[in-house]
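# Analysis of the macromolecular model
Listed below, chain by chain, are the residues.
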Amino acid sequence: MNTVIKQLSFITILITLLSVSFWFSASWLQLCAGLALFLFGMQCLEEGLKQLAGSKLDTWLERSTATRGKSFLFGMGGTMLLQSTTLMSLLTIAFISTGLIQLAGGIAILLGINLGTSAGIWLLAAAGQGFSLSPLALPLLVFGVLAGFHGSKGKAAGRLVLGIAFIFLGIDQLKVGFSEFGDSIDFTQAVDNTLIGQLILVAIGLLLTSILQSSHATLMLILAALATGQIELWQGMALAIGGNVGSSVTTAIVGWLGGNRGGQRLVLVHVLFNLSVGIITLLLLSPLAWLCQWLMQWLAAGDNPLLQLALFQTLFNLIGVGLFWPWQNLLEKALIKLLPDRQEPEVLIADQQLSAHSAPLTQARYLSASALTSPDTASRAVVQELQHLGRLSLEVICHALYQPIQQLLAPTLDEARLMARPEREWLDAQVLYERHIKGVYGDLLDFISRLDIPNEPEQQQFWRTVQIVALQLVDAVKDAKHLQKNLGRFLQESSPCMQQNYFELRKHLIWVLRQVREMGLLELPDEVWRTRLDWFDGQAAQFDHLFRQQIFAQVRDAQLNGHEASSLMNDLGYCSRITQSLRNVMQLGLSQEGDLLREMRRLSDNDEMPLISV
């Protein structure tokens, strides 16, 4: 609550200050309005392209990242379309974090992303000449609105066209705003051409990009100021260096906090690229400025500072690509060594007091903010988290049966341990549920609620299935919590007949858990797998039928009284519901066109390591 109040207070103060400044300076208002139109156009362009991609991004990635050359072209082409270095970098981090691509492909994509920004500044520089883009923007606004009335694809295409129109309007508005703003302020004499002056301009460019969250917006401001004569070419180059370095700030923060080890490695590559190339180009600023002027003179554009700045931006990225391309293999190995994959924790069996007060609260592992950047990365992250939740659920149920996790992992059952009475210090299923299931399930629901799910029927069905699968896993754990109460009591203090019945119930459920785990790891054709699932259903139904008959026979023989029989029937119901819930998880996964269960099996990278740590 305090955080929300602080954010609202900050926004209120900012709006008040801007309103007062607009009142006193019409040119400042035009400048800010142009920047707002430009940023809004960028946002529309990004949203339109993402909606048009829909669920095909996974297929595009598979085709476009088979080699490093293709990965490089994918990064360059994607940035030219989206016109956002930050978005493409975050998408790549999400691709790596969710396993869509590997680090080697991610590095090549990142190099392509940086070079792809050069196309944007050439377009902006060309648009910054003497002609107005408003006549082009007005019909695009009409076409964009009309397209929005023709289905989801039409709306996405219309969003894309509107984005281009608003970008054109923003460019014109920025030029007018800078032209009028420059009548009262001259920046050309504000900073000397010294190392300190250059560093000041680099810092300003870095700050602008960090605030605007777009290096393209920063470059647009630089071009507008350069076109109106408010800054000199070398000043624009220093500001552009800062803008390039600043583009990695947002990526670094979001990628480091929200990505796994793979994403964090790519964040380091991004920061290292911009920082190292920024230092090199700053040290070579004067020679590069001369080179840009000489080359543009050769192309009969020596008196055009906008095109010279665009050439400088291109040289910046070409230097980086040339510097990093030969060292990709060594860089990948060094990053893996510097940031090794986290090892899964071992299961530590402790007493109830330790588990209740000292155990860490388990949270979602794969549901990062960067995974929300596209439906494909989000679905991949959710599948990984479902696998995480599934393995956690099996382990909690196993503990609820007063059995160690090794009973699921060992090639054969330990019959002696299976028939042993529970120890007094065994783990409580309610505590395990609170600490290891509830948090992950809550994070999963929160993640899905923040996702913009595409309207495609396959996508809608996939996300419905995801929610049902998660709910079935949680329901199985809740039934195990209820079962544990009677199981512990009757295995400790009851007649030999009751003890034997509960031993049989526990043995059957351990068999169910082992079968579910084994079937989840099988790589079989669908028809063979369905046959195995039908066999599992038959075995579970046969146990249920025989156990009921056994209870009635023992009541007739006076081995059980009515109270004991009702407890057994009630707990048999819990056992059957646990079995059915886990069976539903497997069936739902197989029934989807995307084959959710096979994806969960494929993503299991370490099936021999249990996940609960208490």
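Above this text you will find the structure in question.
Below is a summary of the structure that appears in this document. This one's a predicted model, so the numbers in the text were calculated from it and none came from an experiment.

To continue, consider the side chain of Q407. Among the structural elements, Q407 can be located in helix 18 (residues 406-409). Taking the relative accessible area as the measure of exposure, Q407 reaches 3% and is therefore buried. Separated by 2.7 Å, the side chains of Q407 and Q403 make a polar contact. Each residue touching Q407, except ones within four places of it in the same chain, is listed here: L413, D414, R417, L418 and R514.

Counting 73 residues, the largest nonpolar core has L513 and L582 as its most contacted members. Only helix 17 (375-400), helix 20 (429-436), helix 21 (438-449), helix 22 (457-492), helix 23 (496-521), helix 24 (526-556) and helix 25 (562-591) provide two or more residues apiece to this core. Here this core takes 14 residues from helix 22, the largest share from any one element. Other than its neighbours up to four places away in sequence, L513 contacts L394, I397, C398, L401, L408 and L582. Grouped together as the second largest cluster of nonpolar side chains are 71 residues, M88, I113, L124 and L223 included.

Phi angles above zero are rare outside glycine, and Y402 is one such case at about 60°. Along the polypeptide, Y402 turns up in the loop between helix 17 and helix 18. Positive phi is not limited to glycine here, since A558 has a value of about 65°. Structurally, A558 is set in the loop between helix 24 and helix 25. Under the relative-accessibility criterion, A558 is labelled exposed at 67%.

Following both chains from N to C, one finds helix 12 (residues 261-283) and helix 14 (residues 305-324) inclined at 120°, their axes separated by 10 Å at the closest point. It follows that helix 12 is oblique to helix 14 by the angle criterion. In this structure, helix 12 crosses over helix 14, and the sense of that crossing is right-handed. Only F312, F316, N317, I319, G320, V321, L323 and F324 of helix 14 make contact with helix 12, whose side of the interface consists of L272, F273, N274, S276, V277, G278, I280 and T281. Within the contact of helix 12 with helix 14, the residues separate by chemical class into ten nonpolar, six polar and no charged.

Definitions and limits used
Within each chain, residue numbers correspond to sequence positions counted from 1 in written order. It should be noted that, the model being predicted, local features are given only for residues of pLDDT at least 70 and side-chain atom pairs only at 80 or more, the latter also being counted only at that level, while totals for whole chains, interfaces and linings use all residues. The basis for every side-chain value is the complete set of heavy atoms in the structure, and neither hydrogens nor water enter the calculation. In DSSP terms, a helix is any run of H or I states spanning at least four residues, a strand is any run of E spanning at least two, and both are numbered starting from the N terminus. The buried label applies to any residue whose accessible area, calculated with a 1.4 Å probe on protein chains only, is under 20% of its type's maximum; exposed applies above 50%, and partly exposed to all values in between. In protein, a polar contact requires one atom able to donate a hydrogen and another able to accept it; more generally it is a pair of N or O atoms within 3.5 Å, and residues adjacent in sequence count only if both atoms are side-chain atoms. Contacts are assigned to residue pairs with any non-hydrogen atoms lying within 4.5 Å of each other. Residue types Ala, Val, Leu, Ile, Met, Phe, Trp, Tyr and Cys, when buried and joined through side-chain atoms within 4.5 Å, form a set referred to as a nonpolar core. Here an axis means a line fitted to C-alpha atoms, over the contact stretch when the element is a helix, while the angle between two N-to-C directions is reported on a 0 to 180 degree scale. Small angles under 35 degrees read as roughly parallel and large ones over 145 as roughly antiparallel, with 65 to 115 read as roughly perpendicular and the rest as oblique. By the definition used in this description, the sense in which the near helix is turned from the far one sets the handedness, with an anticlockwise turn below a right angle giving left-handed and a clockwise turn giving right-handed. In the scheme used here, Gly and all other residues not listed as nonpolar or charged are polar, with Ala, Val, Leu, Ile, Met, Phe, Trp, Tyr, Cys and Pro taken as nonpolar and Asp, Glu, Lys and Arg as charged.

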